[in-house]
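Tertiary structure, described
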Amino acid sequence: AAGGGPLLPDSVLYEIFLYLDHVDVLSVGLVCQQWHAVARDEFLWKELFYRYYRISRDVPRHPAAVSWYDEFQRLYDTIPCVEVQALKEHNDQVLHLSFSHSGCLFASCSKDCTVKIWSNELDISLQHSSNMRPYNWSYTQFSQFNSDDSLLLVSGVFVGPHNSSSGEIAVISMENFTLLSRVRNKPYDVFGCWLNETNLISGNLHRIGRITSCSVLWLNNAFQGIESENVNVVKRLFKIQNLNASTIRTVMVADCSRYDSPDLLLDYEEQLAASSTCPVFDLGSDSEEEEAKPKQTLEPAAQELPDDGDVTAEDGLQQFFDDIMEGRVRPAMTEAELETKVAELFVRNRTKPPELNLLPTDSNSKTKYLIFTTGCLTYSPHQIGIKRILPHQMTTAGPVLGEERRSDEFFDSLDHVIDIHGHIIGMGLSPDQRYLYVNSRAWPRDCVISDPMQPPPIAEEIDLHVFDLKTMKEVKRALRAHRAYTPNEECFFIFLDVSKDFVASGAEDRHGYIWDRHYNICLAKLQHDNVVNSVAFSPVEQELLLTASDDTTIKVWRSPRAVRIQQARKPRPRKLLFSWLMNQKS
């Protein structure tokens, strides 16, 4: 009651909180004289929280939360969902955004073939723009600052003779915005990434057959102007066989050093200091029995081959050809199946075995993981490959072109493979780099791929999976809300980003989306006029988010709390002085 009327009984007040789906907390406070008495009532706020956000009662409160009231306020008031600025300096689709580690700068890439550097102040402003067309680029597609923010890696699509799938990586100095070096990158959607402050990873692709190839990943020194025959500026990291028209794409590096002290533990039982029992399972399976089966951890092609004791690959290949000639291979193989089988037999004894113990053994480990998309059934990326990079491999010094290898170790095997059972369209690491978030569009259940050039149709709904890189297990059910509509052959990457508490992604439905990492709930939809290609949280202020779209704009979003603080800091007009001046004029 208001205006001195009778007070609401506690039971009635409880019913108001319990059954109003979209309760306006401020309105309740105005009409209820008991507001101050119940404002911090933990039981009421807990009920309101679970019902308002429709969260299962099995989900515990955020481990860093002090109270349910504060937790409700956090999700209501700290989500970057208020548009405060629209940047329109690009004149074509904006494809990617990346912040510097300090949060002072960010870069944007676009179909207009420029990479723009922005100053992240209260009002964001353009600091520099580099046009890459003089270097025969078609457009820029990706950028990444090195660890000390002194260099910017820019990846783009290179226009060359008969090289439509080639890309190039440029390194730009942040001191004076000069171009330091350029590195060829094939295919272009390898993108490239930094391994450390001065070395970056690029890719190359060599065709072996119609649907068989090998991907070579190179370590490049950012400063390639060194003219010395005694100093290497490039070194081969790994050479990996590709089957069934698949290739390695979208490389990124994860640092294992913080796996024992993450910003946020996503396993609820682990939060309670209990051991996790989450099984590893194929994401295409809905059966508990299938989920309980051990998951493959090696290259799928290598596991399918039988162990014939001391039989060499050459003997196996000869036996296979004899079986074909004498009609013992049934049913008859297609040309693609035959090529894949021959390729498997060829590399059987020419592949370096995987690392036996992939998981880091201590928190001070200097090991890093190279993570990339790959496949084994079709050209669309449907698996995540993981390869350990050891400390001695993190420099271009030493033998060149794999000279340290034995002749029978021609290819490298993958240390771990995660099968997504769908087309992967985005990946991102949490700030502590322990969790990998993957955007994918699922294949139909129980689909069979008979032709690697004709992958299954993909769902419009995007699934956002979460994997723990310490245990190599999926720790959350897929996040959902965002959608995509392009078919397999036109499918493109949608860049996501992860902050300490939130994860955000673009979508083809003209919105960006924000979820809470702990509760697995969608908190906000951010409107654009076209496809949202990329999102980026400020690394030092998760209440600031950028979104980039095909509508050629970059939108800046801040939380309601941040907006109120900014408005409070703005100087207010001096009303008394203005009134006095008006009176004098009259």
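Just above sits the structure.
A brief report on the enclosed structure follows.

About the cut-offs
Residues numbered from 1 in each chain as written. Predicted model: local features only at pLDDT ≥ 70, side-chain atom pairs only at ≥ 80, totals over all residues. Heavy atoms only, no water. Pairing = 2+ DSSP bridges. Helix = DSSP H or I, 4+ residues; strand = E, 2+ residues; numbered from the N terminus. Axes fitted to C-alpha atoms, helices over the stretch in contact; angles between N-to-C directions. Salt bridge = Lys/Arg side-chain N within 4 Å of Asp/Glu carboxyl O. Buried < 20%, exposed > 50% of the residue type's maximum accessible area, 1.4 Å probe, protein only.

Taken in spatial order, the four strands make up an open sheet running β2-β3-β4-β5, and their pairing is antiparallel. Only two strands of the sheet have a single partner each, and these edge strands are β2 (94-99) and β5 (125-131). The average angle at which neighbouring strand axes cross in this sheet is 20°, direction not considered. As paired strands, strand β3 (residues 105-110) and strand β4 (residues 114-119) are joined by five bridges and run antiparallel to one another. Bridge assignment links S108 to a residue of β4, and that residue is K116.

Attention shifts here to the pattern of salt bridges. This model, assessed by the stated rule, comprises 17 salt bridges. With a shortest N-O distance of 3.0 Å, R57 and E47 are connected by a salt bridge. Highlighted residues: R57 in the loop between α4 (42-52) and α5 (68-77) and E47 in helix α4, separated in sequence by ten residues. Judged by its relative accessible area of 10%, E47 falls in the buried class. The partner of E168 in a salt bridge is R184, with the nearest N and O atoms 3.8 Å apart. Pair noted here: E168 is in strand β8 (residues 167-173) and R184 is in strand β9 (residues 179-185), with a separation of 16 residues, a long-range link. By relative accessible area, which is 4% here, E168 ends up buried. For R184, a relative accessible area of 41% translates into the label partly exposed. Overlapping salt bridges, with partners in common, bring together E71, R74 and D516 in one network.

Each full turn of the α-helix corresponds to 3.6 residues, which orients residues three or four apart in the same direction. Along α5, seven of the ten residues are buried, which leaves the element largely enclosed by surrounding structure. Listed as buried for α5 are W68, Y69, E71, F72, R74, L75 and D77.

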